[in-house]
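Topology and contacts: notes
So you can see what is in the structure, the chains are spelled out below.
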Amino acid sequence: MKKVGIDFSINSTLQNKLIISALAISTAIIILIAFWAVSKIKTELDKSYNDFAQLLVKTVAIQNYEIAKVKNPQVIENIKLRAESIIASADDISYITFKDKNANVIYSTYEQNPDRAMRADTNISAPLEDEKGKIIGTVELGLYSTTAKKVTLAAKNSILFVFSAIWLVFTLVILTNAFLIRRELTLLHLGVIIKQQAR
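Residues numbered from 1 in each chain as written. Predicted model: local features only at pLDDT ≥ 70, side-chain atom pairs only at ≥ 80, totals over all residues. Heavy atoms only, no water.

**A look at the overall build of the chain**
When helices and strands are tallied, the chain shows 5 helices and 4 strands. When the elements of the chain are put in sequence order from the N terminus, they spell out α-α-α-β-β-α-β-β-α. For 199 residues, the compact-globule estimate of 2.2 N^0.38 gives 16 Å, and the chain exceeds it by more than 25% at 33 Å. Viewed in the frame of its principal axes, the chain has a C-alpha envelope of about 115 × 30 × 20 Å. Residue burial in the chain is summarised as follows: out of 199 residues, 30% are buried. The contacts in the chain between residues at least 6 apart in sequence include a share of 66% that link residues at least 24 apart. Of the roughly 13,100 Å² that the chain leaves accessible, carbon and sulfur atoms contribute 64%. (Helix = DSSP H or I, 4+ residues; strand = E, 2+ residues; numbered from the N terminus. Rg over C-alpha atoms; globule rule 2.2 N^0.38 Å. Buried < 20%, exposed > 50% of the residue type's maximum accessible area, 1.4 Å probe, protein only. Contact = heavy atoms within 4.5 Å. Areas by Shrake-Rupley, 256 points an atom, 1.4 Å probe, with all protein chains shown as cover.)

**Examining the side chain of Thr109**
When you line up the elements, Thr109 lands in the loop between strand S2 (105-108) and helix H4 (114-118). A distance of 2.9 Å separates a polar atom in the side chain of Thr109 from the backbone nitrogen of Ile96. (Polar contact = N/O pair within 3.5 Å; in protein donor to acceptor, adjacent residues only side chain to side chain.)

**Some details on the sheet that holds strand S1 (residues 93-100)**
Sheet architecture is open: 4 strands sit in the order S2-S1-S4-S3, paired in antiparallel fashion. Bordering the open sheet on either side are S2 and strand S3 (122-129), each of which pairs with just one other strand. Between one strand axis and the next, the sheet turns by 20 degrees as a mean value, whatever way the strands run. In terms of strand pairing, S1 meets strand S4 (residues 135-143) through 7 bridges, oriented antiparallel. Opposite Tyr95, over in S4, you have Gly142 as the bridge partner. Across the face of the sheet, helix H3 (residues 73-89) comes into contact with S1 and S2 while running at roughly 160 degrees to S1. (Pairing = 2+ DSSP bridges. Axes fitted to C-alpha atoms, helices over the stretch in contact; angles between N-to-C directions.)

**Digging into the pairing of S1**
Regular strands have side chains that alternate between both faces of the sheet. A large share of S1 lies buried, amounting to 7 of its 8 residues. What sits between S1 and S2 in their antiparallel hairpin is a turn of 4 residues, with Ala103 showing a positive phi close to 70 degrees.

**Describing the nonpolar core**
Within the largest apolar cluster, 25 residues are counted, with the highest numbers of intra-cluster contacts made by Ile96, Phe98, Leu128, Val139 and Leu141. Looking at this core, the elements with two or more residues in it are helix H1 (2-63), helix H2 (66-69), H3, S1, S2, S3 and S4. With 5 residues, the single largest contributor to this core is H1. Sequence-distant contacts of Val139, defined by excluding residues within four places in its chain, comprise Val57, Val60, Ala61, Ile96, Thr97, Phe98, Ile124, Ser125, Ala126 and Leu128. Residues Ile30, Ala37, Val38 and Ile159 belong to the second largest nonpolar core, which totals 6 residues. (Core = buried A, V, L, I, M, F, W, Y, C linked by side-chain atoms within 4.5 Å.)

**Points about the environment of Ala90**
Along the chain, Ala90 turns up in the loop between H3 and S1. Remark: the alpha-carbon pair of Ala90 and Leu143, spanning 53 residues in sequence, is separated by 9.9 Å.

**Details of the environment of Ile20**
Tracing the chain through its elements places Ile20 in helix H1. Between the C-alpha atoms of Ile20 and Ile174, which are 154 residues apart in sequence, the distance is 9.7 Å.

**Some remarks on the packing of aromatic side chains**
This model, assessed by the stated rule, comprises 2 aromatic pairs. Ring centres of Tyr49 and Phe52 lie 5.9 Å apart, and the angle between their planes is 45 degrees; on these two criteria the pair is classed as tilted. Pair noted here: Tyr49 and Phe52 are both in helix H1, with a separation of 3 residues, about one helical turn. Residue class for Tyr49 comes out buried when judged on its relative accessible area of 12%. Classification of Phe52 as partly exposed rests on a relative accessible area of 42%. (Phe/Tyr/Trp six-rings, centres within 6.5 Å; stacked < 30°, edge-to-face > 60°.)

By themselves, these observations are geometric and do not establish any function.
Shown next, in the form of structure tokens:
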């Protein structure tokens, strides 16, 4: 009887160690995969956002090259209204600055919205070219990656939720399995004791 009790104690202790080890390993693996997934998604989003920014600044340069070519007050006024309209409709754009080929500022929304311009975390520029492809100036955009940050945060929260749910289910499975095994061992242990006492 004493020998049976000792064997059961050893099995119970070993089982607890196995449960703790399995939970620790599964938790570490899930955390590593979750962080890798979040990092991968952020990298891809940053790359996509950078590509979008490059396309955006080139589009603005093509549509407004006249500002450096003509320097007509009416042309400047029209482009000014267009730039202010872009700023008003796009939260990601902090400011737009047009410069001539000597880097002199022709027009910038920086002065009209200094607080908004100061929050820019990315500056990107493109050349202003005339019909012959000659560079006659540059346009610079200050970008604040509002949309990218929102998408990244949403993706991060979703991934963490999914992996947390997976970890919870996995933990419940391990604990349930451990409970059932322990119950079977307990019944077996009691059965052996009763059998030995009946002798």
